[in-house]
Amino acid sequence: MVRLFRWLALLLGTFMLMARPALAQSILRDAETEAFMADMSAPLVKAAGMDPRNVQVLVINDPEINAFVAGGQYVWVHSGLIAQADNVNQLQGVVAHELGHIEGGHIVRFGEGIREATGVTLLSLVLGAAAIAAGGAEAGMGIMGLGQQAAMTKFLAFSRGQESSADLAGARYLSAAGVSGRGSLEFFKKLQNQEYRLAIPQDNSYGRTHPLSGERINVLREVYTVDPAWEKPVDRGLEQRFERIKAKLVGFVSEPTQTLQKYPESDQSIPAHYARAYAWHKSAYPQRALHEADALLAAAPDDPYFLELKGQILLESGRPKEAVAPLREAVRLTNQPLISVLLSHALIATEDEANFAEAEQVLRLAVARDRENPFAWYQLGVVYERRGDTPRAALATAERYAMIGQHPMALRSADAAMQGLKPGTVDYLRAQDIAMVSRAAIEQQRKKR
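All of the points below concern the structure found in this document. (Residues numbered from 1 in each chain as written. Predicted model: local features only at pLDDT ≥ 70, side-chain atom pairs only at ≥ 80, totals over all residues. Heavy atoms only, no water.)

**Re unusual backbone geometry**
Within the chain, Ala284 stands out as a residue other than glycine whose phi angle is a positive 65°. Counting through the fold element by element, Ala284 comes out in the loop between α11 (270-282) and α12 (286-299). For Ala284, a relative accessible area of 60% corresponds to the exposed category. With a phi angle near 55°, Asn335 is a residue other than glycine that sits in the positive phi range. (Helix = DSSP H or I, 4+ residues; strand = E, 2+ residues; numbered from the N terminus. Buried < 20%, exposed > 50% of the residue type's maximum accessible area, 1.4 Å probe, protein only.)

**What about the packing of aromatic side chains?**
By the definition in use, this model includes 7 aromatic pairs. Between Phe36 and Phe242, the ring centres sit 6.3 Å apart and the planes meet at 40°, which makes this aromatic pair tilted. In this pair, Phe36 is assigned in helix α2 (residues 31-47) and Phe242 in helix α9 (residues 236-253), connecting sequence segments 206 residues apart. On the basis of relative accessibility, which here comes to 0%, the residue Phe242 falls in the buried class. Ring plane angle 25° and centroid distance 6.1 Å describe the contact between Tyr74 and Trp76, whose orientation is recorded as stacked. What makes Trp76 buried here is its relative accessible area of 10%. Feature note: the residues Phe252, Tyr274, Tyr278 and Phe306 constitute an aromatic cluster, connected by ring pairs. (Phe/Tyr/Trp six-rings, centres within 6.5 Å; stacked < 30°, edge-to-face > 60°.)

**What to know about the packing of helix α15 (residues 337-349) against helix α17 (residues 374-386)**
One way to put it is that α15 packs onto α17 with a least axis distance of 10 Å and a crossing angle of 30°. As for the relative orientation of α15 and α17, their crossing is left-handed in sense. Contact residues: Val341, Ser344, His345 and Ile348 in α15; Phe375, Ala376, Gln379, Val382 and Val383 in α17. Split into classes, the residues belonging to the contact of α15 with α17 amount to 6 nonpolar, 3 polar and no charged. (Axes fitted to C-alpha atoms, helices over the stretch in contact; angles between N-to-C directions. Left-handed = near helix turned anticlockwise from the far one by under 90°. Contact = heavy atoms within 4.5 Å. Nonpolar A, V, L, I, M, F, W, Y, C, P; charged D, E, K, R; others polar.)

Note that all results are geometric; they support no functional claim without further evidence.
Below you can see the structure in the form of structure tokens.
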């Protein structure tokens, strides 16, 4: 019986792993990319009946061609998918599908599929154990084996049903937004080619969590080709922005030699300059990286993201004083919190106390608009510490530790902050909240041990 319960635990564990997409990869936060993702997805989000202000499309560093949702109104796109997409229309098709999962409440309903499959497994275990107890060991084990197979089959069918539902929902959103479904079909063909390379049988999708790409193409082709948006061309402005963020992403995540092969010196386009700037910067050739950044600024002197790039190269090459001017201008043009944090980093790195007041002001505005940035809180703590404001330095540190899940350190810092803050103030109450949440998290972790 001990073996039987271990088997059940293993099966349930398998289901839970399938239900929890891996979020261990690092999130790639970039001001230009996030602005592009918001603009690109906004018409689709509206078509899905959601508010674009509440939905975020974020990028994680993973070479797999994949995207997923994992709770909340977040769509996670792998860097590998962006690198392999040929145009913005293909990316829109993927995002529309993922929005179908959100609008359909599939993450919440995922538990239903697990519970139904688990119910089948438990019933087969009870019946099998009864048969074994009655002396029919072989029959009992057979019942258990069939039960396990039936449970997995039920779960996989449930998962495929969700995927098909998201496909059709995504098609509706594309249609309502006036976006062609060509990109969606093109991307499924990419996935189909991948299935061919992996020698995945194409006769049916039995035993898979997703329908075969060929099956999805056949269904969606009938929907897309009769849609009024089918012949609509790709939005040129979005396409140009997509090529830029794709190039900078490739430059950031790929090996420099690979980037320079993909974007050789003979290519003098904006995306190529972008990619090479990151490749040279990663290779510790700051002057060559600055040459590429200057080429971008020669083409568009007031582009805030080109200014950000130049400031980043200067800052990370040990020239923070020179980095301040382009970063300050980039913040003025965009008011983007991520760029503001980079500017504050440069101001602090100058080690000029005259710059600390500006750094504090910039950081306070940045965290007010985007609290989910641990590095911003770290820098704010540094500024407070330099000014001798130890309680607020401790509070900023508590914010950072709470955000990254280090609850004991968050509790310790929050308690230290409350020792020096005036009771009843906004900062005191915030420290109190962090301490309360951290204590609860620590207690919950203790009970799990």
